[in-house]
Every structure is written in structure tokens, then in C-alpha cells.
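Topology and contacts: notes
One-letter residues, chain by chain:
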There are 2 protein chains.
Amino acid sequence: LTNERIKTIATLGPRGTYSEKAARQLDMSARIVFCRNIPDVVEAVLAGKEDVAVVPIENSLEGSVNVTLDLLRENKLSVIGEINVHVVHCLVMKGKKEDVTMIYSHSQALAQCRKYLRENFPNAQIYETTSTADAANKASLAKHIAAIASKEAANEYGLKIFAKNIQDVNENYTRFIVIGKNIPEPTGNDKTSIIVYPKENKFGALYEILGVFAKRGIDLTKVESRTTKKALGDYLFHIDLNGHVKDKIVAAALEELREIVQMLKILGSYPKA
Amino acid sequence: LTNERIKTIATLGPRGTYSEKAARQLDMSARIVFCRNIPDVVEAVLAGKEDVAVVPIENSLEGSVNVTLDLLRENKLSVIGEINVHVVHCLVMKGKKEDVTMIYSHSQALAQCRKYLRENFPNAQIYETTSTADAANKASLAKHIAAIASKEAANEYGLKIFAKNIQDVNENYTRFIVIGKNIPEPTGNDKTSIIVYPKENKFGALYEILGVFAKRGIDLTKVESRTTKKALGDYLFHIDLNGHVKDKIVAAALEELREIVQMLKILGSYPKA
């Protein structure tokens, strides 16, 4: 990803999260530093404590991870890579099914297994945790608690796998981004991420924005509206496009775009996953 | 909203939710029927048990309510109205601040008060409940549990208001939609909601879709990409536009749109909030 070797990777802990899996996919030899929540992961890189951060941004079932989108908007940072991780959720527990009165997991994992939980544990109380691994940790402390987590987390916390692949549909991938300092050089197969806030908050403005890319044949791989937090109906747009900021055609498009919008933030260019 | 009187409204319970507030804003005289979760609220109308359903779709701080977007896609139903509710979150409890080790609330309310919780209760365990009122109910049972909920919920469950207006920014509105059977007649100040799935899943297709409205001067009030749940990067679009399906210009646009997309679902037309 970069010319310099990555020595440390900040990611969401504790041990056994899908974030850890993504970090290991990025670099097997780097030391992984676990943080309590996603804002702390990003802060570790902003404060210069760790080399890069790996955070989830999007899941194929649940959609965007809002806290990550907001952190990208609010902080000065660069996206330098992306990693796709195959998610296979398991229901894990210490005791027997009959003992279970509470189910713990991360909000996205709970949402991804909504149907399974409704059909198999209609009376269980559902509680949100900061990560799937944290849920597994809690389940290891009491027989009446089950967790939705990965098989790696079950191993890590000594839990039995009661059911495997319990998400609503089988194709379940989470896309992680790598946050760092220096934008990598073009590889010929890159993606660029930007945030755009139109001059007038009308969707006619979005049409004009997309036109800047369409007329140059630049493919967009994502367009996501996100609340500015100022008012209902006030949006900015997260856009991913094919190409590198150093490609002439992309540079020209971004230059034209800057003229017609109120705010353009270039998050970075990086090799496609 | 409709010519027929609304006798019953299904909404998210228990008593004291913001959903109840929205339902009362819609019709003070209707009987409110409380359901356990958002899918059950929608099901109550689909099964013909209640006249209309009131469900949250979007918040000015947290963005879309994904489960509602997915239910609109998956079921045959009509959006017949919208209601905006001003959200003022309070931290409510039975005992004293020192007693509090756990904080309960709905996932969106927890997300909206992220900063307050981090600064004031950095060590509290955070748990998700199905509604803010459910959290208040749980807080009424134990001194070590605090809840994020409305002042109405605090009254309902006999709790003290420890802090008021604790959301990250002051402007906090939730938009609710009304789900029913018959699309209301045009009033001259209407909105139409549709879901579009492009033929090719490229964002050049989104440009073409927006062009159908732009060239007719039809304003879009929302464009939201949402995962199809099939794969990463496979999206459909929720679009809200100014006008009624019975307006000639809107009807012509939708007719042209149907030719260029794989799927067009017209959710309904209704008076603006």
C-alpha cells in the first residue's frame, strides 16, 4: 500500500473481531493495537500513535457504517486502502439453548441476523455491544448469554458454536478502509474517495455533479447521501470513483467539480480490493 | 390524509416512544396500537388488522432507518403521509448519577448522544433496546440503569430527568412515514416516493435516472443508495420527488423512467409535512 513498511495497525478490539481479520489480511507481520470503539481507532492514527487504522465502512447486508462516514468528514485524514472481508456469523454460547435468555452482539451483526433471531429466539432480550468479539467475551461469563460472533471469536473465548452462517442471506461481506498518512502512487487499478457538498442543497445539483464524471466516462462505484446533521433534508455525498487523483482525467474532473460545489474533500486514492 | 377516517394507528411501543408522539400528531382521536418492533408495525397494516402504520424513516443526525427502507422494498404497501417530530433526548434515571453503571436506549438515540455519553459516562456499559420508551421502562426497574428517552417517557415511567437536550447537536428531527392502503388525492403540495433499480448497476445509470427529472424541472428531495443485500457495491435508490403521481409532468417522468430501469416501485404520493 505504501512505500514504508507498516509497523502497527490500530483496529477495533478486543481480539477476535472481524476488524482484526481485516487487519491481518492487510499485513500479517504488523503489530495489531486494539481500541475500544471506532472513533478511538481513528484517533490513534490522527494522534500519530499508530501507523495506520483499519475500520469498517460498508456491509453488503446492512449498508454504510455511519460513524465511519462521519469521522471521514470531520477529520483531516487519508484513505490509503480497502479490504473486503467475508463475514460468517455464528451463534455462540457457553451453555445450552434452553439457558439462553439474552443475546449480545454488535448492532450491525444483530441487524444482519434479524430473521434468524426472530424465528429461533423470539423471546430473548437483545443487547448491543461495541463489537462481536466483546459480545463473545460477555457470553463466556454467563450461561444465559449467547453472542453473535465469528468462529475465531468463539475459539478465542472458549465458546461452543450452536449455529453457523445465521445471517439473513449468505453473501455477507464487509468492506474496510485503511486510514493513513500518505496517498499511495497509482497502480493502474485504483479507486478515489471524495466527499461533496453541493452549493445549493438540491438534487438537481447532484445531477450536475454526476455529469462531471459521466461526460468523461469515469465510473462511480458508490454514491451515498449522508445527513449534514444540520437539518432534515440537508445532505452531502460520499462518492467513490474509478481512477487515481494523479490520473489526468480524474484530476480534470475534480478541478471542474471544485468550481461547482460548496465543498470538495478528497479522501484519497488507493488500489482496489 | 385520506377520505376515510383513521380509526386505528399501529406504531412502535411501548407508551412514551417518539413514534407515539408522531402518531398523535397524525390523528389525536385515533386509537394507538403498540407493536414490539418496526416489522411488526408494518405487518399490522399488511395483515389488515390496523388502518395505518406510523414508522420512522430518517433522522437529521443519524440518517436513514435501514429496517424501514428494507420493509418498503420487500412489501406491497403505500406511503400515504409524512410527519416530522422534534426530538429532545433526556438522560433519565431512578437513582443518582453515581449509581449508574449501565445506559440503555434505542441504537439511533445512543448514536445521537455519542459525545455526551463519552464525556459524562465514559465507563458506563451501553445497551441497545428496541425503543427509547423500552429503555425508560427498564430504567424504572433498577437504580444502576439510566435511559436516553423523551421527557414524556420519563413521566410515563416515573423517572427523574438528570439532563435535557443531550443530543450532539440541537436540531434533531425525525421524519416518520404513514403507511396505508389508498394513495391520497393531490393537494398541490405533494411528495412522491419511489424505489429504482438500474438496468446496469453503474452510477452512470444513476446520472441517467436523475436526468429524467432534471430535464423536467422536477425537484428531488432525497436520493439514497441502499444495498440490495446481494453483493457489496450492488445498490438500489430510494428517491423522493416534489409532485404527485397524478400530476402530468410527474406521470410522464415515471413513464420514461420505467423504460430505462430494471425495476421501478412507486411507493406513493402524499401531502408534504
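Described in the following lines is the structure provided in the data block. On a predicted model such as this, the values are computed, not experimentally measured, just so you know.

**A short note on the packing of helix H2 (residues 38-46) of chain B against helix H3 (residues 66-74) of chain B**
All names here are of chain B. Closest axis-to-axis distance for the H2/H3 pair is 10 Å, and the angle between their directions is 30 degrees. Comparing their axes, H3 and H2 come out roughly parallel. Taken as a pair, H2 and H3 cross one another with a handedness that is right-handed. Along its contact with H2, which presents Ile38, Pro39 and Val42, the element H3 presents Val67, Thr68 and Leu71. The class makeup of the residues in the contact of H2 with H3 is 5 nonpolar, 1 polar and no charged.

**Let's talk about the sheet that holds strand S8 (residues 125-129) of chain A**
All names here are of chain A. Pairing in this open sheet of 5 strands is mixed, and the strands run S8-S7-S9-S6-S10 from one edge to the other. Two strands close off the open sheet at either side, each with one partner strand: S8 and strand S10 (160-164). Neighbour to neighbour, the strand axes of the sheet diverge by 30 degrees on average, direction disregarded. Across 4 bridges, the pairing between strand S6 (residues 90-93) and S10 is antiparallel. Bridged to Met93 within S10 is Lys160.

**Details of the relation of the copies chain B and chain A**
Laying chain B over chain A is done by rotating through 180 degrees and shifting 0.0 Å along the axis; what remains is an RMSD of 0.0 Å. The transformation relating the two chain copies, once decomposed into turn and shift, fits a two-fold axis. No C-alpha of chain B lies nearer the rotation axis than that of Glu128 of chain B, which sits 2.4 Å from it. Looking at the interface residues of chain B, 100% of them are also at the interface in chain A, so both copies use one shared face.

**Considerations on the packing of aromatic side chains**
Any pair of aromatic rings gets described here by the distance separating the centres and the angle formed by the planes. In the structure shown here, the tally under the stated rule is 10 aromatic pairs over all chains. With a centroid separation of 6.4 Å and an interplanar angle of 45 degrees, the aromatic rings of Tyr116 of chain A and Phe121 of chain A are classed as tilted. For Phe121 of chain A, a relative accessible area of 6% corresponds to the buried category. Arranged with centres 5.3 Å apart and planes meeting at 85 degrees, the rings of Tyr127 of chain A and Tyr127 of chain B form a pair that is edge-to-face.

**Side note on the pairing of strand S2 (residues 31-35) of chain A**
Residues and elements named next belong to chain A. Alignment of strand S1 (residues 8-12) against S2, held across 5 bridges, turns out to be parallel. Following the sheet pairing, Thr11 is matched in S2 by Phe34. In this view, the connection linking S1 to its parallel neighbour S2 by way of helix H1 (residues 18-26) has right-handed handedness.

**Topic: a positive patch on the surface**
A grouping of Lys94, Lys96, Lys143 and Lys160 of chain A is seen on the molecular surface, where their side chains present a positively charged patch. Mapped onto the elements of the fold, Lys96 of chain A is located in the loop between S6 and strand S7 (102-106).

**Observations concerning the environment of Thr11 of chain B**
Residue and element names in this part refer to chain B. Of note, Thr11 is situated in strand S1 (residues 8-12). Thr11 sits in the buried class, given a relative accessible area of 0%. For Thr11 and Ala53, which are 42 residues apart along the polypeptide, the C-alpha to C-alpha distance reads 5.9 Å.

Conventions adopted
- Residues numbered from 1 in each chain as written.
- Chains lettered and ligands numbered in written order.
- Predicted model: local features only at pLDDT ≥ 70, side-chain atom pairs only at ≥ 80, totals over all residues.
- Heavy atoms only, no water.
- Axes fitted to C-alpha atoms, helices over the stretch in contact; angles between N-to-C directions.
- Helix = DSSP H or I, 4+ residues; strand = E, 2+ residues; numbered from the N terminus.
- Parallel < 35°, antiparallel > 145°, perpendicular 65-115°, else oblique.
- Left-handed = near helix turned anticlockwise from the far one by under 90°.
- Contact = heavy atoms within 4.5 Å.
- Nonpolar A, V, L, I, M, F, W, Y, C, P; charged D, E, K, R; others polar.
- Pairing = 2+ DSSP bridges.
- Least-squares fit on C-alpha atoms with pLDDT ≥ 70 in both.
- Phe/Tyr/Trp six-rings, centres within 6.5 Å; stacked < 30°, edge-to-face > 60°.
- Buried < 20%, exposed > 50% of the residue type's maximum accessible area, 1.4 Å probe, protein only.
- Right-handed = clockwise from strand over helix to strand, strands pointing away.
- Patch = residues over 30% accessible without salt bridge, like charges linked within 9 Å, V, L, I, M, F, W, Y side chains within 5 Å.
- Areas by Shrake-Rupley, 256 points an atom, 1.4 Å probe, with all protein chains shown as cover.
- Salt bridge = Lys/Arg side-chain N within 4 Å of Asp/Glu carboxyl O.
- Lys, Arg positive; Asp, Glu negative; His and termini not counted.
- Charge placed at Lys NZ, Arg CZ, Asp CG, Glu CD.

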